[in-house]
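Overview (structure and organization)
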Amino acid sequence: MTLLKKIRHLFSRSLSCEEANAFIADYLEGRLDPTLRSRFEAHLHMCPACTPFLEQYKQTVELVRDDGQIDVPAGLIEHTLSFLNERRIPGAEGAAS
Amino acid sequence: MTLASPSGASSDSTLDIDAILKGEPRAFEVLVHMESPRLFRMIQRIVQDEDEARSIMQETFLQAYKRLATFRKEAKFTTWLYAIGLNLARASLRKRRRYDMLEEDKMDRLQPAFESGMHTEKFDFWNPQRLAEQNERRNLVHAAIAELPPDYRLVITLRDIEELSTTEVAQVLDITEGAVRVRLHRARLALRTLLDRYFR
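Before going further, it helps to examine the interface of chain B and chain A. The interface of chain B with chain A comprises 50 residues on the first partner and 41 residues on the second. Residue assignment for the side of chain B that touches chain A shows that the elements contributing at least two residues are α2 (25-47), α3 (50-66), β2 (118-119), α7 (134-147), α8 (150-161) and α10 (177-199) of chain B. Among the elements that line the side of chain B that touches chain A, the one with the most residues is α2 of chain B, at 12 residues. In terms of residue class, the side of chain B that touches chain A is made up of 25 nonpolar, 11 polar and 14 charged.

This is the structure in structure tokens:
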């Protein structure tokens, strides 16, 4: 097989699950070139594992983005300005008093 | 099918950076008001201790003020500020010996497994009812993020929660954008594994 044929073969065959896995983030961010995107989607159509896996990955990202669990403690800014004022950092003086 | 890309919503555009760099008091005060909440959340994700996070955040502003002359305008001012804070947070973890290099093994175990290029596991769509239980869901996600090793928690926090751009995350962590993408992908895959037991 000539080198050109080998390259064509490599680019025409469908992706494996492992290869598709490596492209998930780029696929979701729209960063794949059209050829690779087509090969990725072709793999999804024929693979019973990767379709739910991709959906779970997307849901993971969405769940993380929704995780606003950390509350900022009351008085955080005032305490910080006082802390800086004690160390004579300009800008902390007026607000902390 | 495309996820919206994070907005990279750090706030340099609303800060008077020149005034901060000149040491103008009011400008630094505005900086503290605007950046304290986000900086606190980032540091808290790493150290997971509210008092310590508060202390490190205060030290971050102090260090930033003392080092204003070293800011080179090659990155956003807020990126520079976050880098100071997160380096202090990581140093604090190391001091407490909570920065375990063996945790990379744990991350490997949480990645999907393949044999001859194919998934070895079967996957089903997650249960919509479980996903809809909002209070429990938030606790589970929060706990799963806390299970990740610090470097992975950090990249998830910066990119997916605080929505910094890949470029900004790379500058904050002083790694390449490619390394940010790889680390973020591994972190998301590990989180998917951790959440799978609850949502399947």
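Residue and element names in this part refer to chain B. Summarising the model, chain B shows a mean pLDDT of 87, and 90% of its residues fall at 70 or more. In the model of chain B, α7 stands out as the element of lowest mean pLDDT, 86, in contrast to α10, which has the highest, 95. Taken as a whole, residues 1-10 scores under 50 in pLDDT and shows 21 contacts with residues more than four places along the chain or in a different chain.

V64 of chain A together with I43, V155, I156, V169, A187 and L191 of chain B are the most contacted members of the largest nonpolar core, which has 63 residues in total. It is α2 of chain B that contributes the most residues to this core, nine residues altogether. Not counting the four nearest positions on each side in its chain, A187 of chain B is found in contact with L148, Y152, V155 and I156 of chain B.

Another point: unusual backbone geometry. Residues and elements named next belong to chain B. Phi is positive for K73, close to 65 degrees, though the residue is something other than glycine. Tracing the backbone shows K73 in the loop between α3 and α4 (77-95). Its identity is not glycine, yet E163 carries a phi of approximately 60 degrees, on the positive side. In this structure, E163 sits in the loop between α8 and α9 (166-173).

Residue and element names in this part refer to chain B. Two numbers describe how α8 lies on α9: the axes approach to 10 Å, and their chain directions differ by 145 degrees. In the packing of α8 onto α9, the handedness of the crossing is right-handed. Taken together, the residues of α9 that come into contact with α8 (itself represented by V155, L158 and R159) are T166, V169 and V172.

So, on to the packing of helix α2 (residues 17-28) of chain A against helix α4 (residues 50-65) of chain A. Residues and elements named next belong to chain A. Close contact between α2 and α4 brings their axes to 11 Å; oriented N to C, the two are set at 35 degrees. Between α2 and α4 lies a crossing of right-handed hand. Where α2 approaches α4, its residues C17, A20, I24 and L28 are matched on the opposing element by C50, L54, Y57 and K58.

Conventions we followed
- Residues numbered from 1 in each chain as written.
- Chains lettered and ligands numbered in written order.
- Predicted model: local features only at pLDDT ≥ 70, side-chain atom pairs only at ≥ 80, totals over all residues.
- Contact = placed C-beta atoms within 7 Å.
- Helix = DSSP H or I, 4+ residues; strand = E, 2+ residues; numbered from the N terminus.
- Nonpolar A, V, L, I, M, F, W, Y, C, P; charged D, E, K, R; others polar.
- pLDDT = per-residue confidence, 0-100.
- Core = buried A, V, L, I, M, F, W, Y, C linked by C-beta atoms within 7 Å.
- Buried ≥ 20, exposed ≤ 12 C-beta atoms within 10 Å, placed from the backbone.
- Axes fitted to C-alpha atoms, helices over the stretch in contact; angles between N-to-C directions.
- Left-handed = near helix turned anticlockwise from the far one by under 90°.

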